Amino acid sequence: MFYREGINATGVERLATESSVSKRTLYQHFPSKEAVVEAYLRSIEPRVANPLEPGAQASDQPPRERLLALFETPTGLGAPLRGCPFHNAAVETAGSMPGVRQIVRANKHSVLDALTELARAGRCR
């Protein structure tokens, strides 16, 4: 829901309803909506594309081709592409959720480091 509809558009009541739990139970596990958003971002981070860990078909490609492939539009997703979920979270929670900001910043640094390493690998060949 956070990705499809947005963090601000997804209220705690809706989160509880869609999760088939009461708001009380939700708050027992997550003390705030910010904690839910943080858990969401942590849960998707391993699935977000890492340019250093390409899919099976891209693993044989040279670094330059892997870098260029990052700019291709994904196909066959079935749902509208709304961009990077970490960027979306940063924009939607700007200044209001410091924990989210830290997670987004760490993710962006990780991606930047991976891209830098991949570009360096391509330059050496």
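Scroll up for the structure.
Predicted model, so just to flag it, every value in this text is computed and none were measured. (Residues numbered from 1 in each chain as written. Predicted model: local features only at pLDDT ≥ 70, side-chain atom pairs only at ≥ 80, totals over all residues. Heavy atoms only, no water.)

### What to know about the environment of Met1
Moving on, step 1. Structurally, Met1 can be placed in the segment before helix H1 (2-5).
Moving on, step 2. Along the sequence, Met1 and Gly11 sit 10 residues apart, while their C-alpha atoms lie 9.9 Å from each other.
Moving on, step 3. Not counting residues within four places of it along the chain, the set of residues in contact with Met1 comprises Gly6, Thr10, Arg14, Leu15 and Glu18. (Helix = DSSP H or I, 4+ residues; strand = E, 2+ residues; numbered from the N terminus. Contact = heavy atoms within 4.5 Å.)

### So, the nonpolar core
Moving on, step 1. Within the largest apolar cluster, 17 residues are counted, with the highest numbers of intra-cluster contacts made by Phe2, Val37, Leu41 and Val100.
Moving on, step 2. The greatest single-element share of this core, amounting to five residues, is contributed by helix H4 (residues 33-44). (Core = buried A, V, L, I, M, F, W, Y, C linked by side-chain atoms within 4.5 Å. Buried < 20%, exposed > 50% of the residue type's maximum accessible area, 1.4 Å probe, protein only.)

### Thoughts on the packing of aromatic side chains
Moving on, step 1. In total, this model carries one aromatic pair according to the counting rule given.
Moving on, step 2. Over the aromatic face of Tyr3 sits the side chain of Arg82, whose NZ or CZ is 5.9 Å from the ring centroid. (Phe/Tyr/Trp six-rings, centres within 6.5 Å; stacked < 30°, edge-to-face > 60°. Lys NZ or Arg CZ within 6 Å of the ring centre and 35° of its normal.)

### Observations regarding the packing of H4 against helix H6 (residues 85-92)
Moving on, step 1. With their axes 11 Å apart at the nearest point, H4 and H6 run at an angle of 160° to one another. Our classification of the angle between H4 and H6 gives roughly antiparallel. Crossing geometry of H4 relative to H6 is assigned as left-handed. Here H4 contributes Tyr40, Leu41 and Ile44 to the contact with H6, which in turn contributes Pro85, Phe86 and Ala89.
Moving on, step 2. For the contact of H4 with H6, the residue count by class is six nonpolar, no polar and no charged. (Axes fitted to C-alpha atoms, helices over the stretch in contact; angles between N-to-C directions. Parallel < 35°, antiparallel > 145°, perpendicular 65-115°, else oblique. Left-handed = near helix turned anticlockwise from the far one by under 90°. Nonpolar A, V, L, I, M, F, W, Y, C, P; charged D, E, K, R; others polar.)

### Quick look at helix H7 (residues 98-123)
Moving on, step 1. Between its first and last C-alpha, H7 extends 37 Å over 26 residues, near the 38 Å set by a 1.5 Å rise per residue.
Moving on, step 2. Inspection of H7 places Gly99, Val100, Ile103, Val104, Asn107, Ala114 and Leu118 among the buried residues, and these make up the whole buried set.
Moving on, step 3. Those residues of H7 that are buried lie in contact with H4, helix H5 (63-69) and H6. (Expected span 1.5 Å × (residues − 1).)

### Some remarks on empty space enclosed by the protein
Moving on, step 1. One pass over the structure, following the stated rule, counts one cavity of 30 Å³ or more.
Moving on, step 2. Empty space within the largest cavity amounts to approximately 40 Å³.
Moving on, step 3. Taken together, Phe2, Tyr3, Ile7, Tyr40, Arg82, Pro85, Asn88, Ala89 and Glu92 make up the lining of the largest cavity.
Moving on, step 4. The set of elements that each furnish at least two residues to the lining of the largest cavity consists of H1 and H6.
Moving on, step 5. By residue number, the principal contributor to the lining of the largest cavity is H6, which donates four residues. (1 Å grid on protein atoms, 1.4 Å probe; cavity = no way out; pocket = protein on both sides within 12 Å on 5 of 7 lines; lining within 4 Å. Points joined across faces, edges and corners; volume = space filled by probe spheres on them.)

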